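# Descriptive analysis of the structure
One-letter residues, chain by chain:
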Amino acid sequence: MIAKPLLQKLAKEHGTPLFIIDHAQLRRNLAEFKRWLPHVQPYYAVKANAHPAIVKTLYEAGASFDVASFPEFKLVHENIKGLPDKARQDFIWDKIIYANPIKAIETLRELDPYKPLVTYDNYEEILKVKKYAPHAGMVLRLKVPNTGAMVELSSKFGANPGDAVNLIEATEKAGLTVEGLSFHVGSQTTNFQNYVQALNMAADIFKEARLRGYKKMKQLDIGGGFPAPYDANVKPLRELAKILNSEIKRLFPKDVAVLAEPGRFLVATACTLVASVIGKADRDNKRCYYINDGVYHTYSGIIFDHCKYPVKAFKRGPTQICAVFGPTCDALDTISLTEELPELNLGDLVYSENIGAYSHASSTNFNGFPPAKVVHINQ
Ligand SMILES: *Cc1c(COP(=O)(O)O)cnc(C)c1O
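Presented here is an overview of the structure given in this document. These numbers were taken from a predicted model, which means no experiment stands behind them.

## Quick look at empty space enclosed by the protein
For the coordinates displayed, the defined rule picks out two cavities of 30 Å³ or more. In this structure, the largest cavity encloses a volume near 60 Å³. In terms of lining, the largest cavity is formed by Met1, Ile2, Asp22, Thr269, Ala270, Cys271, Thr272, Glu353 and Asn354. Partitioning the lining of the largest cavity into residue classes produces four nonpolar, three polar and two charged. Of the pockets and cavities examined, the second largest cavity occupies roughly 30 Å³. Split by residue class, the lining of the second largest cavity holds two nonpolar, three polar and three charged.

## With respect to the site of the ligand
Around the ligand, 14 residues are found, and the nearest of them are Lys47, Ser187, Glu261, Arg264 and Tyr358. At 3.0 Å from an oxygen atom of the ligand is found a side-chain nitrogen or oxygen belonging to His184. The contact in question runs from an oxygen atom of the ligand to an N or O atom on the backbone of Gly263, over 2.9 Å. Isolated, the ligand exposes 390 Å² of accessible area, and the fraction of that covered by the protein chains is 93%. When atoms are counted within 2 Å of each cavity's grid points, the one that captures over half of the ligand is the largest pocket. Residue classes in the shell around the ligand are distributed as four nonpolar, five polar and five charged.

## A short note on helix H7 (residues 123–132)
Within the span of H7, buried status applies to Glu125, Ile126, Val129 and Tyr132. An end-on view of H7 places all buried positions within 160° of arc, on one side of the element. Facing away from the buried side of H7 by more than 90 degrees, the exposed set consists of Glu124, Leu127 and Lys131. The inward-facing, buried residues of H7 abut helix H6 (105–111), strand S5 (117–120), strand S6 (137–141) and helix H8 (161–173). The distance from a side-chain oxygen at the start of H7 to the backbone nitrogen of Glu124 is 3.1 Å, and the residue carrying that oxygen is Asn122.

## Here's the deal with the side chain of Glu72
Mapped onto the fold, Glu72 is located in helix H4 (residues 70–79). Aside from chain neighbours lying at most four places away, what touches Glu72 is Val46, Lys47, Asp66 and Val67.

## Re the layout of surface pockets
One number sums up the size of the largest pocket: a volume of about 470 Å³. Lys47, Ala99, Arg141, Leu153 and Phe157 are the residues nearest the centre of the largest pocket, which is lined by 25 residues in total. Looking at the lining of the largest pocket residue by residue, the classes come out as 10 nonpolar, seven polar and eight charged.

What counts, and at which threshold
- Residues numbered from 1 in each chain as written.
- Predicted model: local features only at pLDDT ≥ 70, side-chain atom pairs only at ≥ 80, totals over all residues.
- Heavy atoms only, no water.
- 1 Å grid on protein atoms, 1.4 Å probe; cavity = no way out; pocket = protein on both sides within 12 Å on 5 of 7 lines; lining within 4 Å.
- Points joined across faces, edges and corners; volume = space filled by probe spheres on them.
- Nonpolar A, V, L, I, M, F, W, Y, C, P; charged D, E, K, R; others polar.
- Near = heavy atom within 4 Å.
- Polar contact = N/O pair within 3.5 Å; in protein donor to acceptor, adjacent residues only side chain to side chain.
- Areas by Shrake-Rupley, 256 points an atom, 1.4 Å probe, with all protein chains shown as cover.
- Sits in = over half its atoms within 2 Å of the grid points.
- Buried < 20%, exposed > 50% of the residue type's maximum accessible area, 1.4 Å probe, protein only.
- Helix = DSSP H or I, 4+ residues; strand = E, 2+ residues; numbered from the N terminus.
- Arc of directions from axis to C-beta.
- Contact = heavy atoms within 4.5 Å.

Written out as structure tokens, the structure reads:
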């Protein structure tokens, strides 16, 4: 958490809306992940926040990366330049997984020279990869329960577990190699049973595939979903890790390398937004504040991520229930209808913490309002 006087000082210096990235917090989050899951290599899911400085800091702290488009792939690849070429192939797999199960032909053509590790979940994709990226390694994405996750991620992607071994067979018959399995239990998963069920499903498929003669699978990708501590009800990573470590040990052979794709967990708490009050009105007996950032910009997670970001004032004083709106002309641009705020004046600053994931990443230029300016601390 960034000290309030520093937030105010930065806002004064740089103006608002201001998106502040705390690199020390990024490093702490990664260190916490590694501490509790020492045998799981984190591949940061770049889509959560693709700021190049975040990629750089996490790379230097030992993270690998999950990318889902060729521009994201390039963004990460820029950071791993300068390594000896002979290390490159293993190094790519150690550092990047292309975890979008559906890839356009053009994207496959662009990826192929890098011999990437890619996920897939259907027959059509096997033929496409064989034809346009024959040097790719394959990771089969499974459909797993997403019960109770804040953001559901299994309705769009994932092979039915019942089809998995047949898909593995078809992949090998096509002349591609299945390197392992992956899944995603849903973003901000506070129901840890999702992970237990997914691990058990994956273990069954590993076993059945080995029985049917497909013994090359060495990777288990347990995806993202690690919950950020938005409120006190979210159980700490330590508790989830205890379950994961014991299930992985119980269910999988020792030679299986385990990787994960944390997005939110690494960035959510590392960023803070500071905005200014630009308008004030009373409507239907409710105080309404208009601020210079909204759901088309840093607060986009309210729409796309089903997330809530409390808006807080620096000012103290008696509070009332207020509405807080963004600056655009769209009524959808509503940050909150029930925010407890003191009496604020035009120009007063407000802030929202834990706003690093799926926020700035999905900012638009809608209505001519540009995304918040980004500043870095502890870089
Ligand atoms: C979005 C996504 C992630 C990151 O998920 P979090 O819940 O933010 O950890 C990881 N893997 C895949 C395939 C994703 O689509």
